[in-house]
Amino acid sequence: MLQTAPRKGKKSTTSKRATHDRFLEAFRWMLLARTLEDKLASLYRGGLITGGVYIGRGQEAVSVSCGLFLQKGDVFAPLIRDQAGRSAFGEPLLDVVRTYLGSREGPMRGRDGNIHRGRPLENQLAMISHLGAMIPVITGKLLAKRMKGEKDFVGLTTIGEGGMQTGATHEGLNIAAVEQVPLVVVVTNNHFAYSTPNEREFACAHLVDRAKGYGYEGHTVDGTDLNACLEVIETAVKRARAGRPPQMVVATTLRLAGHGEHDDASYVPSEMKSELFAQDPVQRTEKFILEQNLLDAAALTKMRAEIAKEVDEAVATAQTEDAPAADEEDWSALSTRHLTDEIA
Amino acid sequence: VSVTYLEAIREAQTKLLREDERVFIYGQDIGGKFGGAFKATKGLAEKFPGRVLNTPISEDAMVGTAIGAALEGMRPIVEMQFADFSSVALNQILNNAGTHYYRTNVPVPITVRLPSGGTKGSGPFHSQSMEGLYSHYPGVIVVTPATVEDAYTMLIDAVAIDDPVIYCEHKYLYYHLKADALPKDKLPIGKARIVRPGRDLTIVSYSAMVHEALAVANELHKDGFEVEVVDLRTVKPLDTATVLASVARTGRLLCVGEAFPWGGVTAEVIARVTTEGFHLLDAAPARVNAKDTPIPYHPNLWSAHRPNAKTIATKARQVLAE
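Summarised in this report is the structure supplied together with it. If you're wondering where the values come from, they're calculated on a predicted model, not measured in any experiment.

Each value, and the rule that gives it
- Residues numbered from 1 in each chain as written.
- Chains lettered and ligands numbered in written order.
- Predicted model: local features only at pLDDT ≥ 70, side-chain atom pairs only at ≥ 80, totals over all residues.
- Heavy atoms only, no water.
- Helix = DSSP H or I, 4+ residues; strand = E, 2+ residues; numbered from the N terminus.
- Buried < 20%, exposed > 50% of the residue type's maximum accessible area, 1.4 Å probe, protein only.
- Areas by Shrake-Rupley, 256 points an atom, 1.4 Å probe, with all protein chains shown as cover.
- Lys, Arg positive; Asp, Glu negative; His and termini not counted.
- Charge placed at Lys NZ, Arg CZ, Asp CG, Glu CD.
- Phe/Tyr/Trp six-rings, centres within 6.5 Å; stacked < 30°, edge-to-face > 60°.
- Lys NZ or Arg CZ within 6 Å of the ring centre and 35° of its normal.
- Disulfide = S-S within 2.5 Å.
- Salt bridge = Lys/Arg side-chain N within 4 Å of Asp/Glu carboxyl O.
- Axes fitted to C-alpha atoms, helices over the stretch in contact; angles between N-to-C directions.
- Left-handed = near helix turned anticlockwise from the far one by under 90°.
- Contact = heavy atoms within 4.5 Å.
- Pairing = 2+ DSSP bridges.
- Buried area = accessible area lost by both parts, 1.4 Å probe.
- Polar contact = N/O pair within 3.5 Å; in protein donor to acceptor, adjacent residues only side chain to side chain.
- Nonpolar A, V, L, I, M, F, W, Y, C, P; charged D, E, K, R; others polar.
- Expected span 1.5 Å × (residues − 1).
- Core = buried A, V, L, I, M, F, W, Y, C linked by side-chain atoms within 4.5 Å.

Some words on the overall build of chain A
Helix and strand content of chain A: 10 helices and 7 strands. Projected onto the principal axes, the alpha-carbon positions of chain A cover approximately 70 × 50 × 40 Å. Burial statistics for chain A: of 344 residues in total, 57% are counted as buried. Carbon together with sulfur atoms contributes 51% to the accessible area of chain A, which is approximately 14500 Å² in total. Of the charged side chains in chain A, 41 are positive and 46 negative; the average position of the first set lies 7 Å away from that of the second.

Structure representation (structure tokens):
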């Protein structure tokens, strides 16, 4: 591995070249997420996005690692700060901007917005806001795959240290372990549940200590270190796929944005911003790439330009598309249309 | 040979498990030889290995897991041990399953069985009727079978429906209600049934209260009144047309439900009849519900808390006298 020493007794079988390629691929998704989310924030400030914008600034290294090791047939249940992982998993840019801009062409057709999007039939589950709710849902997907006789699949879901405190999370983590489904739960402690700091969120020494209590194998990782995130999450995914118990990875970062773009996060103490966990993973990775000569400055500039063009094109496309029209809705929440309740 | 309401539920599940490999049952104490708190799954775990699964006491996660399995093409049935405990799963049922099709265009075919309603000595947390609460939210279908035949056919139909169905089975009817055989034909979900024709008063009811309403109709018959009894069968969607047609014949309406009085099914029926059929009414409509307190434990209190033939008859006579 590039930055993190291999674990004792375990030899990396990946060639150096392949490792570099994967590292650069991960970085590209991180940069795409950063560029896209900067653009969304700018559109929000310009009044072009209704509702909220919720970004994953500071969590790109963890998030991309969540999407990168999943294969066809695997299931991903991302949460609020997972643009990098969603993109790495295969979410088209257009799905993102169409949902934020309320295009009728998007997967949610203007019926839901921002991060509440997904393509459940393509194994990208659509989160609801109630934290922990997606843990049993991904468990059910995996349970059903096993019932149907599928093999070699894995599921990965993410949650924050805030979401770790709900009853739904407790029930979900437990039932996944009872069912022994091949699940990886990646917990990112970004130090704030909206504005509430860790000391008012939980009282255990470290969230990973809960892994043992639930019957999971636990891992910790510096969420600002892409190499470490790739290695630890790849290991967790491999273990789950190999039939080990569910895996819990706890990453540590600082949320480098507000809860949403409406929030200036003025409650984050300034001294916290100089902590190691407060490093910007995109900047840190870029610095590493230049130091190690994985890419030169010109190649990085070219990559940035390509990404900016992709983002701008997606936004331009979505902006030309129609919004949903209320008078064209049939206002039924049921696929069984004839059982829609009609009130005159 | 006779079949009880409970046996009909078990037979429906047997048929579903036998004929559809997508079906599995998920709930507390339903696996092994135990067969559930009320024995609605007795023998099924042994007959269908791996498809009748015990869960931890985690109502929220039980439904969440069923949702995920449904998205993967399965047809899960969740057995709540008591309807009352489904309150823990409201988030998954209403915010996740109930919104999913509207948001994503992908329906969630789950059936949640709720052993509902009061029995003597069951108290505040093992007696509730939650059909009104579920019906308030979009995206779910809510059925309340009152007969052995409906218990059987509506459970089979519920599992066939691509959307979430809340199947409210009444615990009092489990053993008290018997039919000669399982039904050969059926009325579909969404249609109400006129269980007794009449010309003087329409009593609209559902689930166990249908039988109380029938008792009242028999009693009032002795006094020369012909009471028409409508069994809603499905409370969402509400078969307003059948109710309005009945009120058009009788001119008088009484609604009876076992749930708490504020809002709910009886209020909804009256709201629809008065807004859509005000001209049909010869008297102000009325309703009888449970009292607005938690459901009491002691039989003396419990039997007065819920509607019964006596309180329904009193209210019916008032409406008839108006």
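Some thoughts on the packing of aromatic side chains
Geometrically, a pair of aromatic rings is defined through the distance of the ring centres and the angle of the planes. One pass over the structure, following the stated rule, counts 10 aromatic pairs over all chains. Their ring planes at 65° and their centres at 5.4 Å tell us that F23 of chain A and F288 of chain A sit as a pair that is edge-to-face. Here the residue F23 of chain A occupies a position in helix α1 (residues 16–45), and F288 of chain A occupies one in helix α9 (residues 281–291), the gap between them amounting to 265 residues. Overall, the relative accessible area of 2% leaves F23 of chain A in the buried class. Among the residues examined, F288 of chain A registers a relative accessible area of 8% and is labelled buried. Counting every residue linked through ring pairs, the aromatic cluster contains Y5, F38, F82, F85, Y174 and Y175 of chain B. In this arrangement the basic side chain of K145 of chain A is found over the ring face of F153 of chain A, its NZ or CZ atom lying 5.9 Å from the centre. Above the ring of F34 of chain B, the side-chain terminus of K39 of chain B is found at 3.5 Å from the ring centroid.

Some points on the state of the cysteines
Enumeration according to the criterion identifies 0 disulfides over all chains in this entry. Between C168 of chain B, a cysteine without a disulfide, and C255 of chain B, which holds the nearest cysteine sulfur, the sulfur-to-sulfur distance is 17 Å.

Concerning unusual backbone geometry
Backbone phi values are negative for most residues with the exception of glycine, while trans is the configuration of most peptide bonds. Cis geometry marks the peptide bond from K236 of chain B to P237 of chain B, where omega comes out at 0°. Position of P237 of chain B relative to the elements: it lies in the loop between β12 (234–236) and α9 (240–250). The phi dihedral of N114 of chain A falls on the positive side, at around 40°, and the residue is not glycine. One non-glycine residue, N293 of chain A, lies in positive phi territory at about 55°. Mapped onto the elements of the fold, N293 of chain A is located in the loop between α9 and α10 (297–320).

As for the pattern of salt bridges
Throughout the structure, instances matching the rule amount to 48 salt bridges over all chains. The residue R22 of chain A makes a salt bridge to E234 of chain A at a minimum N-O spacing of 2.9 Å. With R22 of chain A in helix α1 and E234 of chain A in helix α8 (residues 226–241), this residue pair connects regions lying 212 residues apart in the sequence. Residues R22 of chain A and E234 of chain A agree in their burial class; the two are buried. Here the residues in one salt-bridge network are K141, K145, K148 and E150 of chain A together with E72 of chain B, joined through shared partners.

Digging into the packing of helix α2 (residues 60–68) of chain A against α8 of chain A
Residues and elements named next belong to chain A. One can describe the packing of α2 onto α8 by two numbers: an axis separation of 9 Å at closest approach and a directional angle of 35°. Judged by the twist between their axes, the crossing of α2 over α8 is right-handed. Residues A61, V62, V64, S65, C66 and L68 of α2 pack against L226, C229, L230 and I233 of α8.

A look at the sheet that holds strand β2 (residues 155–160) of chain A
All names here are of chain A. Across the sheet, 5 strands lie side by side as β1-β2-β3-β7-β6; this open sheet has parallel pairing. In this open sheet, the two strands that pair with only one neighbour each are β1 (75–77) and β6 (217–222). Recorded for the sheet is a direction-independent mean angle of 20° between the axes of neighbouring strands. As paired elements, β6 and strand β7 (residues 247–252) share 6 bridges and run parallel to each other. Pairing of E217 across the sheet is with Q247, part of β7.

Things to note about the sheet that holds strand β6 (residues 141–143) of chain B
All names here are of chain B. Pairing within the open sheet is mixed, and its 7 strands lie in the order β3-β2-β4-β5-β7-β6-β12. Each edge of the sheet is formed by a strand with only one pairing partner; in this case those strands are β3 (52–54) and β12. Between one strand and the next, the sheet's axes are offset by a mean angle of 20°, whatever the strand orientation. Packing against the sheet, helix α6 (residues 148–160) makes contact with β2 (23–27), β4 (75–79), β5 (111–116), β6, β7 (165–170) and β12, and its axis sits at approximately 165° to β7.

Things to note about the pairing of strand β13 (residues 253–256) of chain B
Residue and element names in this part refer to chain B. Here β13 shows two buried faces, one formed by L253 and C255 and the other by L254 and V256. Sheet topology places strand β10 (residues 201–205) next to β13; 3 bridges connect them, and they run parallel. Pairing of T202 across the sheet is with L253, part of β13. In terms of strand pairing, β13 meets strand β14 (residues 286–288) through 3 bridges, oriented parallel. Bridged to V256 within β14 is V288.

Some points on the interface of chain B and chain A
How big an interface is tends to be stated in terms of accessible area lost as the parts join. Between chain B and chain A, the contact holds 47 residues from the first and 48 residues from the second. The junction of chain B with chain A conceals about 3700 Å² of combined surface from both sides, 59% of it contributed by carbon and sulfur atoms. Of all residues in chain B, E72, Y102 and R103 of chain B give up the largest surface area on contact with chain A, accounting jointly for 23% of the area buried on that side. Between chain B and chain A we count 5 salt bridges in total. Here K145 of chain A makes a salt bridge to E72 of chain B, at a shortest N to O gap of 3.8 Å. Inspection of the region where chain B meets chain A yields 20 residue pairs in polar contact (both at pLDDT 80 or more). Among the elements of the structure, β2, α3 (59–71), α4 (90–104) and α10 (264–276) of chain B are those that each provide at least two residues to the side of chain B that touches chain A. For the side of chain B that touches chain A, the leading source of residues is α3 of chain B, giving 10 residues. Grouping the amino acids of the side of chain B that touches chain A by side-chain chemistry returns 22 nonpolar, 15 polar and 10 charged.

A few points about α6 of chain B
Residues and elements named next belong to chain B. With 13 residues, α6 should cover 18 Å at 1.5 Å per step; its first-to-last C-alpha distance of 19 Å lies within 8% of that length. Burial within α6 is extensive, with 11 of its 13 residues counted as buried. Along α6, the residues classified as buried are V148, D150, A151, Y152, T153, M154, L155, I156, D157, A158 and V159.

Some points on the nonpolar core
Y216 of chain A together with V269 of chain B are the most contacted members of the largest nonpolar core, which has 140 residues in total. The dominant element in this core, judged by the number of residues it contributes, is α1 of chain A, at 11 residues. Residues within four places of V269 of chain B in sequence aside, it is in contact with V204, L232, L238, V243, L253 and C255 of chain B. Ranked by size, the runner-up nonpolar core spans 40 residues in total, among them I9, V23, I141 and V143 of chain B.

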